[in-house]
Amino acid sequence: MTVTAAPVDTPVEVERARRTLSLAQKFAVAFLGLVAAVLVVNGAIDMAITYRDARVQAVRVQQEKANAAAERVVQFVTEIEQQLGWTTRSEWARVSVEQRRYDFIRLLRQAAAITELVHVDGVGREQLKLSRLEPDQVGSNADYSADPRFVATIRDKIHYGPVTFRRGSEPYMTIGMAHAGRNAGATIAEVNLKLAWDVITAIRVGNTGYAFITDPSGRLIAHPDMSLVLRNTDLTSLPQVAAARKADTAAAPVDAGIGPDGNSVLSASAKVPKVGWSVFVELPAAEALGRVWSAFYQTLGLLALGVLLAGAAGTLLARRMVVPITELQAGAQKLGEGDLASRILVRSGDEIGALAGRFNVMA
């Protein structure tokens, strides 16, 4: 008769068995993981929805303000055009110089933004000049034939010059309108664009939001920080400015960008027709998404609380479920050691109770 020795567990196997989680621990970990997964998924969905809504709402408000600012600038330019228009009619060329001078004086009184008016005849000779800053000139015959303002006005019928700065701070723009008729000349006006500054500084978005205007080349022409404008700041490197410059051809404006200070911002822009400027209204992302981060930290707190409660509940349930199994294990061990008089006292009505009853019957 051959007797086979029972295999002996090696130290590695014994150590591995010791490190195996108990049934109660496995149940608690599974319950905790399930609850944590549900909380994390729910929190992630809520965060995504809150982030999207906050971003959309912030950009919508900024877009409305940008559109309103662009409309105000357009109205301002349109009013200047209308006021200049009656000096370009064909009958105006037939009136005397004194009458023209009187009309210019009246126009300067009615349009406070106009600081200088020049009447140039069809061959490019200055016939009349009235200014708020310089002495008046009548019949000076100064040569404007090669002046870009005159050339562009005669070519385009109406000309909007680039923004320039006088006396170190105030922005100005030339508006030229060609007279009706053949070789009738043009009226050239220098317009103070302080209104554009007033529009920009009046815009309020949140606590730290701001607005600015760029010309078609992306150069800053109006900003609450005047020093940036006076330094002739080029903003074409900013993604929102680059996108706005291409908006009429290919790319669409972006709602996320970089501010002149280098910080992330939510940006909305609107085109100013006729002059080709772009109005930007921006809000630092840290402020625009502040309530999102508050909701995020609140979600983290609820997640931590949920995990703690789930851990406590899982441990309690695991212990209640494992106690009958432990009793079954102890009773089976006694029966295995030969104590057939012992009985397993498990009163649960589930499968564990039925299994204990079978052990008792076998005993």
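Our subject is the structure that appears above.
Residues numbered from 1 in each chain as written. Predicted model: local features only at pLDDT ≥ 70, side-chain atom pairs only at ≥ 80, totals over all residues. Heavy atoms only, no water.

### Some thoughts on the overall build of the protein chain
Phase 1 of the analysis: Along the protein chain, the regular secondary structure elements total ten helices and twelve strands.
Phase 2 of the analysis: A buried classification covers 38% of the 363 residues belonging to the protein chain.
Phase 3 of the analysis: Here the contacts in the protein chain between residues at least 6 apart in sequence split such that 53% fall between residues at least 24 apart.
Phase 4 of the analysis: In the structure as shown, the protein chain presents an accessible area of about 20,700 Å², 58% of it carried by carbon and sulfur atoms. (Helix = DSSP H or I, 4+ residues; strand = E, 2+ residues; numbered from the N terminus. Buried < 20%, exposed > 50% of the residue type's maximum accessible area, 1.4 Å probe, protein only. Contact = heavy atoms within 4.5 Å. Areas by Shrake-Rupley, 256 points an atom, 1.4 Å probe, with all protein chains shown as cover.)

### Describing the pairing of strand β7 (residues 186-192)
Phase 1 of the analysis: Judged by how many residues are buried, β7 sits mostly within the fold: seven of seven residues are covered.
Phase 2 of the analysis: Going residue by residue along β7, you find A186, I188, E190 and N192 tucked away on one face and T187, A189 and V191 tucked away on the opposite face as well.
Phase 3 of the analysis: By the bridge criterion, six bridges tie strand β1 (residues 114-120) to β7 in an arrangement that is antiparallel. Considered in β7, the bridge of H119 is made with T187. (Pairing = 2+ DSSP bridges.)

### Focus on the pattern of salt bridges
Phase 1 of the analysis: This structure, assessed with the given rule, holds nine salt bridges.
Phase 2 of the analysis: Linking E190 and R149 is a salt bridge whose minimum nitrogen-to-oxygen distance equals 3.1 Å. With E190 in strand β7 and R149 in helix α4 (residues 148-156), this residue pair connects regions lying 41 residues apart in the sequence.
Phase 3 of the analysis: Judged by its relative accessible area of 5%, E190 falls in the buried class.
Phase 4 of the analysis: You can call R149 partly exposed: its relative accessible area is 22%. (Salt bridge = Lys/Arg side-chain N within 4 Å of Asp/Glu carboxyl O.)

### With respect to the sheet that holds strand β12 (residues 277-284)
Phase 1 of the analysis: An order of β9-β8-β12-β11-β10 is seen for the five strands of this open sheet, with the pairing classed as antiparallel. At either end of the open sheet lies a strand with only one pairing partner, and these are β9 (220-222) and β10 (256-258). Along the sheet, successive strands turn relative to each other by an average axial angle of 45 degrees, direction set aside.
Phase 2 of the analysis: In the sheet, β10 pairs with strand β11 (residues 264-272) via three bridges, with the strands oriented antiparallel. Across the sheet, residue I258 finds its bridge partner in β11, namely S264.
Phase 3 of the analysis: Against the sheet, helix α5 (residues 194-202) engages β8 (210-214), β9 and β12, with an angle of about 150 degrees to β8. (Axes fitted to C-alpha atoms, helices over the stretch in contact; angles between N-to-C directions.)

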